[in-house]
Amino acid sequence: MCPRWGCEQISWDLFCRKVKDAGYDGVEYAIPNDVALQELDEAWNSFEKHGLAAIPQHYGTYDADFAKHFDRYAGWLEMVKPYKALKIDSQTGKDYFTFEQNKKLIEHAAGYSKLNGVQVLHETHRNKFTFAAHITFDYLSRIPELRITLDASHWVNVAESFLEDQPDAMALAIKRTEHIHARVGYPEGPQVPDPAAPEWQEALQHHLSWWDKVIERKRSEAATLVTITPEFGPYPYMVHLPYTQQPISDQWANNVYMMNLLKARYANLLK
């Protein structure tokens, strides 16, 4: 899946043609809570025209007041309900909400999935309830039905390590992963400047080892679908050079590199 993130300035039709030509199978679309329905209609018309699957992504519910937060989150899910989705990726809750508060959001998403037949997966992400490996381990242990989008780049950054000392947390996360965000983080940041560069190969190999385990698990389950979104982002994830404000590498090229690397690596998944 190709992220829309970083390409918002070009039309949906042009974007979807670029996505298709690059070899992606679909689009992951980060949808603001206040998006115009005309924008959603245009996006899904383009997906259909170009034969692309869609994963809507929730990210923009920030209210500190839990009651308002819950209502806005539920409203976002209702807003995207008419639009055909392969899965839904959700950056859910807040790191400072209580377990019970975040659990209410998780349970609402589970009810939505049951009613609408679209799996809602909770992304491991800073400032959400899944902000750290050890915290997410507690949620996964206490909520057996909880399923996640694994974006380990955030955990690496939060823990300031490659999580060598948290094998149980990583093992349980891998068992519950149903979607992967293939961005490479390092102990001091959530995104290496260029995943192809030799100086970042250690970081890449750590992430590949986790993704390999997810793929091995899916193969053992005879899974017919595995979804991965290379998710290298624009500024400020992509650091800019001082004064010139030029990006230090090409976001689109980084994501295409990751897509091609993973397609080749997992080509025999279902064979």
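As the structure is a prediction and not an experimental result, all values here were calculated from the model.

Trainee: Honestly, the side chain of Asp63 in this entry has me stumped. Any pointers?
Mentor: By secondary structure assignment, the location of Asp63 is in the loop between strand E3 (53-58) and helix H3 (66-80). Classification of Asp63 by relative accessible area gives buried; the value is 19%. Polar side-chain contacts of Asp63 include one of 2.8 Å to the side chain of Arg72. Setting aside residues no more than four positions away along its own chain, Asp63 makes contact with Lys68, His69, Arg72, Tyr96 and Phe97.

Trainee: Explain the pattern of salt bridges to me, please; I cannot follow it from the model alone.
Mentor: Between side chains of opposite charge, a pair can form when the charged atoms approach closely. Under the counting rule described, the total for this entry stands at twelve salt bridges. The salt bridge partner of Arg183 is Glu231, with a shortest N-O separation of 3.0 Å. In this pair, Arg183 sits in the loop between strand E7 (177-181) and helix H8 (201-220) while Glu231 sits in the loop between strand E8 (228-229) and helix H9 (251-265), placing the two residues 48 residues apart along the sequence. Pair check on accessibility: Arg183 and Glu231 agree, each one buried. Across the salt bridge formed by Arg217 and Glu221, the nearest N and O atoms sit 2.9 Å from each other. A residue is classified by how much of its surface remains accessible, and Glu221, at 43% relative accessible area, is partly exposed. When salt bridges that share partners are traced, they join Glu178, Arg217, Lys218 and Glu221 into one network.

Trainee: What exactly am I supposed to notice about helix H2 (residues 37-50) here?
Mentor: Each α-helix turn comprises 3.6 residues. Residues three or four places apart therefore point the same way. In a regular helix each residue adds 1.5 Å, so 14 residues correspond to 20 Å; H2 covers 20 Å between its end C-alpha atoms and thus fits that length. Residues of H2 that are buried include every one of Leu40, Ala43, Trp44, Ser46, Phe47 and His50, and no others. Taken end-on, H2 shows its buried residues confined to a sector of 155°, consistent with a single buried face. Opposite the packed face of H2, turned more than 90 degrees from it, sit the exposed residues Gln38, Asn45, Glu48 and Lys49. Contact partners of the buried residues in H2: helix H1 (12-22), strand E2 (26-30), E3 and H3. The positive-phi residue at the C-terminal boundary of H2 is Gly51, with phi of around 65°.

Trainee: Could you clarify how one ought to interpret unusual backbone geometry in this entry?
Mentor: Leave glycine aside and you will find that most residues have negative phi; peptide bonds, for their part, are mostly trans. Along the chain, Tyr235 connects to Pro236 via a cis peptide bond; the corresponding omega equals 5°. Residue placement: Pro236 occurs in the loop between E8 and H9. Positive phi outside glycine occurs at Glu160, with the angle close to 55°. Structurally, the position occupied by Glu160 is in the loop between helix H6 (152-159) and helix H7 (167-175). Despite not being glycine, Gln245 has its phi angle at roughly 60°, a positive value.

Criteria and cut-off values
Residues numbered from 1 in each chain as written. Predicted model: local features only at pLDDT ≥ 70, side-chain atom pairs only at ≥ 80, totals over all residues. Heavy atoms only, no water. Helix = DSSP H or I, 4+ residues; strand = E, 2+ residues; numbered from the N terminus. Buried < 20%, exposed > 50% of the residue type's maximum accessible area, 1.4 Å probe, protein only. Polar contact = N/O pair within 3.5 Å; in protein donor to acceptor, adjacent residues only side chain to side chain. Contact = heavy atoms within 4.5 Å. Salt bridge = Lys/Arg side-chain N within 4 Å of Asp/Glu carboxyl O. Expected span 1.5 Å × (residues − 1). Arc of directions from axis to C-beta.

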